[in-house]
Amino acid sequence: MDRHTQRMTLTVAAALVPLAVACGNDTADTGSGSVAPPPKLTGTDWRVTGVTEGDTTHRAPAAARIRIDDEGRASGNLGCNTFSAPTTIDGARIDFGTLRTTRMACDAPRMTFERALTRALNSGALTARTDDGALTLTTGEGGRVQLTPSAS
């Protein structure tokens, strides 16, 4: 390949990279060879069923729930206290901003769960995955928040 052809090829490639990134899709490989769209995170009342940190799984109190509205604002209950937070959603990734919470004290099991859920939500970008309607948010360290759609 001569120098002129090489330069033209590099120029065209450099021009196409931003277009390829901008036109990229928001689908995720499910590992089964098929591609699934990212889960719909907004507009659903999610009941938190548990939080896993390392080898420990904390069962959620009945009050634990999360809802993210279409404007990207999360609200809910951490197990004892209510919270709100801005979120940033990019495909199957969600990042919770600073959580604003009430400051009630509850029994030890609910406070232990609340601290675990707060750590997970504050850990940085989480990866969302749905399976049979259930939602799992996974932290960068491998922790998981398990959720199911609320019945009401």
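Residues numbered from 1 in each chain as written. Predicted model: local features only at pLDDT ≥ 70, side-chain atom pairs only at ≥ 80, totals over all residues. Heavy atoms only, no water.

Chemist: Before we go on, may I ask you to explain unusual backbone geometry in this structure?
Modeler: A negative phi angle characterises most non-glycine residues, just as the trans form characterises most peptide bonds. Although it is not a glycine, Asp132 adopts a positive phi angle of roughly 55°. Topologically, Asp132 is positioned in the loop between strand 10 (126-131) and strand 11 (134-138). (Helix = DSSP H or I, 4+ residues; strand = E, 2+ residues; numbered from the N terminus.)

Chemist: Looking at this model, I keep getting lost on the pattern of salt bridges. Mind explaining?
Modeler: Opposite charge on two side chains permits them to pair, given that their charged atoms come into close proximity. Going through the model one piece at a time under the given rule, you end up with two salt bridges. Residues Asp45 and Arg67 are paired through a salt bridge, measuring 3.2 Å at the closest nitrogen-oxygen approach. Separated by 22 residues along the polypeptide, Asp45 in strand 3 (residues 45-53) and Arg67 in strand 5 (residues 65-68) bring together distant segments of the chain. Taking relative accessible area as the criterion, Arg67 reaches 32% and is therefore assigned partly exposed. When the shortest N-O distance is used, the salt bridge between Arg119 and Glu53 registers 2.8 Å. Residue Arg119 is found in helix 2 (residues 108-121), and its partner Glu53 is found in strand 3; the two are separated by 66 residues along the sequence. (Salt bridge = Lys/Arg side-chain N within 4 Å of Asp/Glu carboxyl O. Buried < 20%, exposed > 50% of the residue type's maximum accessible area, 1.4 Å probe, protein only.)

Chemist: Sorry, what's going on with the state of the cysteines here?
Modeler: Two cysteines, two sulfur atoms, one covalent bond between them: this is a disulfide. What the rule picks out here adds up to one disulfide. Sulfur-sulfur distance for the disulfide between Cys80 and Cys106 comes to 1.8 Å. When the S-S torsion is 75°, as for the bridge of Cys80 with Cys106, the disulfide is right-handed. Of this pair, Cys80 sits in the loop between strand 6 (73-77) and strand 7 (82-90) while Cys106 sits in the loop between strand 9 (100-101) and helix 2, and the two are 26 residues apart along the sequence. On the accessibility criterion, Cys80 (4% relative accessible area) is buried. By relative accessible area, Cys106 is classed as partly exposed at 22%. (Disulfide = S-S within 2.5 Å.)

Chemist: Any chance you could explain the environment of Arg65 here in plain terms?
Modeler: Within the secondary structure, Arg65 is located in strand 5. Distance from Arg65 to Pro149, taken between C-alpha atoms, is 9.4 Å for residues 84 residues apart in sequence. The contacts of Arg65, once residues within four sequence positions are left out, are Trp46, Arg47, Val48, Ser75, Gly76, Asn77 and Phe83. (Contact = heavy atoms within 4.5 Å.)

Chemist: Which parts of the structure should I look at to understand the confidence of the model for the chain?
Modeler: Low pLDDT means the predicted atomic positions in that stretch should not be read closely. Here the chain averages 81 in pLDDT, and 74% of its residues register 70 or above. Under a pLDDT of 50 for its full length, residues 4-35 has, in the predicted model, twelve contacts with residues more than four places off or in other chains. (pLDDT = per-residue confidence, 0-100.)

Chemist: What's the story with the pairing of strand 8 (residues 93-96) in this structure? I'm lost.
Modeler: Side chains of strand 8 alternate between two faces, with Ile94 and Phe96 buried and Arg93 and Asp95 left unburied. Judged from the four bridges that link them, strand 7 and strand 8 form a sheet pairing that is antiparallel. Looking across to strand 8, one finds that Asp90 is bridged to Arg93. Taking the residues that link successive antiparallel strands as the turn, the strand 7-strand 8 hairpin has two residues, and the phi of Gly91 there is positive, at about 65°. The sheet contact formed by strand 8 and strand 10 spans two bridges and is antiparallel. From the neighbouring strand, Arg93 faces strand 10, where its bridge partner is Thr127. (Pairing = 2+ DSSP bridges.)

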